[in-house]
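Secondary and tertiary structure notes
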Amino acid sequence: MKRKRLIAALAVATALLTAACGSSSDDNRGVNADGSVDLSKVTLHIGDQKGMALQALLDVSGQGKDLPYKVEWASFTAGPPMLEAINAGSVDFGGVGDAPPVFAAAAKSQIKIAGVYDSGSAGNGVLVPKDSAIKDPKDLRGKKIAVTKGSSAHYHLLSVLTKNGLTFNDIEPQYLQPADALAALSTGRVDAWTVWDPYVAQAEVAGNRVLVDGTGYLKPDSFWVVGSKTLENKANAAAVRDLLGRIQRAHTWITGHREEWAKQSSAITGVPYDVTLLAVNRANFQDHPLDDATIAAEQQVADAFSDAKLIPGKLKISDFIDTRFNDRFNS
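Residues numbered from 1 in each chain as written. Predicted model: local features only at pLDDT ≥ 70, side-chain atom pairs only at ≥ 80, totals over all residues. Heavy atoms only, no water.

**Describing the overall build of the protein chain**
To keep it simple, the criterion reads: Runs of E in the DSSP output that reach at least two residues are strands. Runs of H or I that reach at least four are helices, and both are numbered from the N terminus. Here the globule rule reads 2.2 Å times residues to the power 0.38, and the radius of gyration is calculated from C-alpha atoms. Only protein chains enter the accessibility calculation, which uses a 1.4 Å probe; a residue whose area is less than 20% of its type maximum is buried, one above 50% is exposed, and one in between is partly exposed. Contacts are residue-level and defined by heavy atoms, with any inter-residue pair within 4.5 Å sufficient. The Shrake-Rupley method, run with a 1.4 Å probe sphere, supplies the accessible areas, and residue values consider only the shown protein chains as cover. Positive charge is attributed to Lys and Arg, negative charge to Asp and Glu, and no charge count is given to His or to the chain ends. Here the site of a charge means atom NZ of a Lys, CZ of an Arg, CG of an Asp or CD of a Glu.
Of the regular secondary structure elements, the protein chain holds twelve helices and eleven strands. On C-alpha atoms alone, the protein chain measures out to a radius of gyration of 21 Å, which is about the 20 Å that the 2.2 N^0.38 rule sets for 331 residues. Taken over the C-alpha atoms alone, the protein chain extends approximately 65 × 60 × 35 Å along its principal axes. The 331 residues of the protein chain split such that 52% are buried. For the protein chain, restricting intrachain contacts to residue pairs at least 6 apart in sequence, the fraction spanning at least 24 positions comes to 79%. Element-wise, carbon and sulfur atoms account for 52% of the exposed surface of the protein chain, whose accessible area totals about 15100 Å². With 35 positive and 37 negative side-chain charges, the protein chain shows a separation of 6 Å between the mean positions of the two kinds.

**Digging into unusual backbone geometry**
The residue after Asp-197, namely Pro-198, is reached through a cis peptide bond having omega 5 degrees. Following the sequence through the fold, Pro-198 ends up in the loop between strand E8 (192–196) and helix H7 (199–205). A positive phi angle is found at Asp-66, which is not glycine, with a value near 55 degrees. Positionally, Asp-66 belongs in the loop between helix H2 (54–61) and strand E2 (70–76).

**Some remarks on the pattern of salt bridges**
Which entries qualify depends on this criterion: By definition here, a salt bridge exists when the distance from a side-chain nitrogen of Lys or Arg to a carboxyl oxygen of Asp or Glu is within 4 Å.
For the structure on display, the rule yields eight salt bridges. Note that Asp-170 and Arg-141 form a salt bridge whose closest N and O atoms lie 3.3 Å from each other. One end of the pair, Asp-170, is in the loop between helix H5 (152–163) and strand E7 (172–175); the other, Arg-141, is in the loop between strand E5 (124–128) and strand E6 (144–147), with 29 residues separating them in the sequence. Judged by its relative accessible area of 21%, Asp-170 is partly exposed. With its nearest N and O atoms 2.9 Å apart, the salt bridge here joins Asp-322 to Arg-324. Owing to a relative accessible area of 13%, Asp-322 belongs among the buried residues under this scheme. Judged by relative accessible area, which is 36%, Arg-324 ranks as partly exposed.

**A few points about the nonpolar core**
Formally: The criterion is simple. A nonpolar core is a set of buried Ala, Val, Leu, Ile, Met, Phe, Trp, Tyr and Cys residues joined through side-chain atoms within 4.5 Å.
The biggest cluster of nonpolar side chains holds 62 residues, and the ones touching the most others in it are Val-102, Leu-140, Trp-193, Val-225 and Phe-305. Counting residues in hydrophobic clusters, the runner-up holds 36 residues, among them Val-31, Leu-58, Tyr-117 and Ala-239.

**Describing the environment of Leu-157**
Along the chain, the position of Leu-157 falls in helix H5. Classification of Leu-157 as buried rests on a relative accessible area of 0%. Sequence-distant contacts of Leu-157, that is, excluding residues within four places in its chain, are made with Ile-145, Val-147, Phe-168, Ile-171 and Thr-194.

**Regarding the sheet that holds E6**
Note the cut-off: Pairs of strands are assigned from DSSP output, requiring at least two bridges between the strands. For every element, the axis is a line fit to its C-alpha atoms; helices are fit only across the contacting stretch, and the angle between N-to-C directions ranges from 0 to 180 degrees.
Spatial strand order, E7-E6-E8-E5-E9: five strands in an open sheet with mixed pairing. Of all the strands in the sheet, the pair left with one neighbour each is E7 and strand E9 (209–213). The mean angle between the axes of side-by-side strands here comes to 30 degrees, regardless of whether they run parallel or antiparallel. Sheet topology places E6 next to E8; two bridges connect them, and they run parallel. Residue Ala-146 lies in a different strand from E8, and its bridge partner there is Trp-193. Strands in contact with H5 are E5, E6, E7, E8 and E9; relative to E8, the strand with the most contacts, it is inclined by about 125 degrees. Along the sheet face, helix H6 (residues 178–186) touches E5, E6 and E8 and points at about 150 degrees away from the line of E8.

**Some words on helix H3 (residues 79–88)**
What H3 keeps buried is the set Gly-79, Pro-80, Met-82, Leu-83, Ala-85 and Ile-86. The inward-facing, buried residues of H3 contact strand E1 (43–49), E2, strand E3 (93–96), helix H4 (99–106), strand E4 (111–118) and strand E10 (221–227). Just past H3, the residue Gly-89 takes up positive phi, approximately 90 degrees.

**Observations regarding the packing of aromatic side chains**
Going by this rule: In summary, the pairing rule links any two rings of Phe, Tyr or Trp, Trp by its six-membered ring, whose centres are within 6.5 Å, and it sorts them by plane angle into stacked for under 30 degrees, edge-to-face for over 60 and tilted for everything else. Throughout this description, the term charge over a ring refers to an Arg CZ or Lys NZ atom that lies within 6 Å of the ring centre and within 35 degrees of the ring normal.
Enumeration over the complete set of coordinates arrives at five aromatic pairs. Seen in terms of ring centroids, Phe-93 and Trp-224 are 5.5 Å apart; in terms of plane orientation they differ by 20 degrees. Their pairing is stacked. One end of the pair, Phe-93, is in strand E3; the other, Trp-224, is in strand E10, with 131 residues separating them in the sequence. With 5.8 Å between their ring centres and 55 degrees between their planes, Tyr-155 and Phe-305 make a pair best called tilted. On the criterion of sequence distance, the pair formed by Tyr-155 in helix H5 and Phe-305 in helix H12 (residues 292–307) is long-range, its members being 150 residues apart. Residue Tyr-155 shares its accessibility class with Phe-305, and that shared class is buried. Grouping aromatic residues by their ring pairs yields a cluster made of Phe-93, Tyr-117 and Trp-224. Looking at Lys-149, its charged tip hangs above the ring of Tyr-175, at a distance of 5.4 Å from the centre.

Rendered as structure tokens:
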């Protein structure tokens, strides 16, 4: 009996802790009685990762100044754990590549793709050691290849294999986070590594070789993902709209200040300047609407994973897209 009471007490405590740690979407905070919004009462919990460097982007470009709402940051190694946090309600907003939303949608996560920008395809790479005998993608047959499961690199690898007559059954995928994958490549425990910038640049600077980049294999879009419950709150949605506008202006700033961005970003993130500059110089920062072509391309990503039986069943990706912020591009 005591054990049952203890379990019940723990369940209540867990629920209370989850509620306390949840995002500002848990109530109607920031919405006045007359329906107007008060952004000063909003706190956006934003996920960041090294490849996006969103916090640094806003700070260096000046777009992070005088925010009308509060921001709390959380750092992630890759997109999949960030979307898990968004689904759990502990994060409201974050940037990821093309594959994480597909895996999150397959898990029936409470997420919406709310924004998109062309990030470039050259910063995605299948890496091999400099002296590797692997010279062509077809040489990947039978090899151990490190990749972060559910990441944009996962789709890049799938696309490379498919277009070269191979499948995941023809390789030995090693599902590793970037830091572990770099160590595995450096010590010869894997034959190749599929990843995104700045990790591609980091591996190149360390002497590894890009077997193939994303050109011709990927539609170079990265997405801004928001929790479904976050968007149900009018004030939160207004804060997201403001944030997307700031990111777009920051991207415009970068295109004319790449070296300055690389220098200051390096100082903030701790990624070496030569690595950062290499990644920045081959990246795009072009925001665009979530139009039919973009949605169709993301559907192709979902279909590819489904056909390869890497996710269960089929997905309708449009069910996980919110186009309300497209009107930013009409003004």
